[in-house]
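Breakdown of the fold
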Amino acid sequence: MEQVKTLEKSFELGNKLEPERKMQLARALGLQPRQIAIWFQNRRARWKTKQLEKDYDVLKRQYDSIKADNDALQAQNQKLQTE
């Protein structure tokens, strides 16, 4: 659990891993440098997925708002044309 906390804190500081930082983390946590690199790679993938989900939600809300406005304008336009 402590290893994960340390890795998460390090990820928050920067999600790219320089070789020197990777070695320092490996020594501090008693892991192989490759394990650290793989953890960061997996964590970046999860982070990217979360970012895409957030971006999608924002775009979906914007789309829904614009569609509602468009529908209202089309209804108003139809009403005016019938008058």
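Small disclaimer: the values here were computed from a predicted structure and weren't measured. (Residues numbered from 1 in each chain as written. Predicted model: local features only at pLDDT ≥ 70, side-chain atom pairs only at ≥ 80, totals over all residues. Heavy atoms only, no water.)

**Digging into the UniProt feature "coiled-coil region" (unreviewed entry) in the protein**
- UniProt tags residues 42-83 as "coiled-coil region" (unreviewed entry).
- Secondary structure content for residues 42-83 is 98% helix and 0% strand, while the C-alpha to C-alpha distance between its ends is 61 Å. (UniProt positions renumbered as here; feature names shortened; annotations may be inferred. Helix = DSSP H or I, 4+ residues; strand = E, 2+ residues; numbered from the N terminus.)

**Things to note about the pattern of salt bridges**
- Under the criterion given, the structure shown has 5 salt bridges.
- Among the salt bridges present, the one from Arg-43 reaches Glu-8, with a minimum N-O distance of 3.1 Å. With Arg-43 in helix α3 (residues 33-82) and Glu-8 in helix α1 (residues 2-13), this residue pair connects regions lying 35 residues apart in the sequence.
- Taking relative accessible area as the criterion, Arg-43 reaches 18% and is therefore assigned buried.
- Ionic pairing is found between Glu-18 and Arg-21, a salt bridge with its closest N-O pair at 3.6 Å. (Salt bridge = Lys/Arg side-chain N within 4 Å of Asp/Glu carboxyl O. Buried < 20%, exposed > 50% of the residue type's maximum accessible area, 1.4 Å probe, protein only.)

**As for helix α2 (residues 19-29)**
- Taken residue by residue, α2 has Arg-21, Leu-25, Ala-26 and Leu-29 as its buried positions. Buried positions in α2, seen along its axis, are confined to an arc of 135 degrees and lie on one side of it. Away from its buried face by more than 90 degrees, α2 exposes Pro-19, Glu-20 and Arg-27. (Arc of directions from axis to C-beta.)

**Some details on the UniProt feature "domain: Homeobox" (unreviewed entry) in the protein**
- Mapped onto this numbering, the UniProt entry annotates "domain: Homeobox" (unreviewed entry) at residues 1-50.
- With 82% helix and 0% strand, residues 1-50 has end C-alpha atoms that lie 22 Å from one another.

**Observations regarding the packing of aromatic side chains**
- For the coordinates displayed, the defined rule picks out 3 aromatic pairs.
- With a centroid separation of 5.9 Å and an interplanar angle of 50 degrees, the aromatic rings of Phe-11 and Phe-40 are classed as tilted. Taken as a pair, Phe-11 in helix α1 and Phe-40 in helix α3 lie far apart in primary sequence, 29 residues in all.
- Members of the aromatic cluster, connected to one another through ring pairs, are Phe-11, Trp-39 and Phe-40. (Phe/Tyr/Trp six-rings, centres within 6.5 Å; stacked < 30°, edge-to-face > 60°.)

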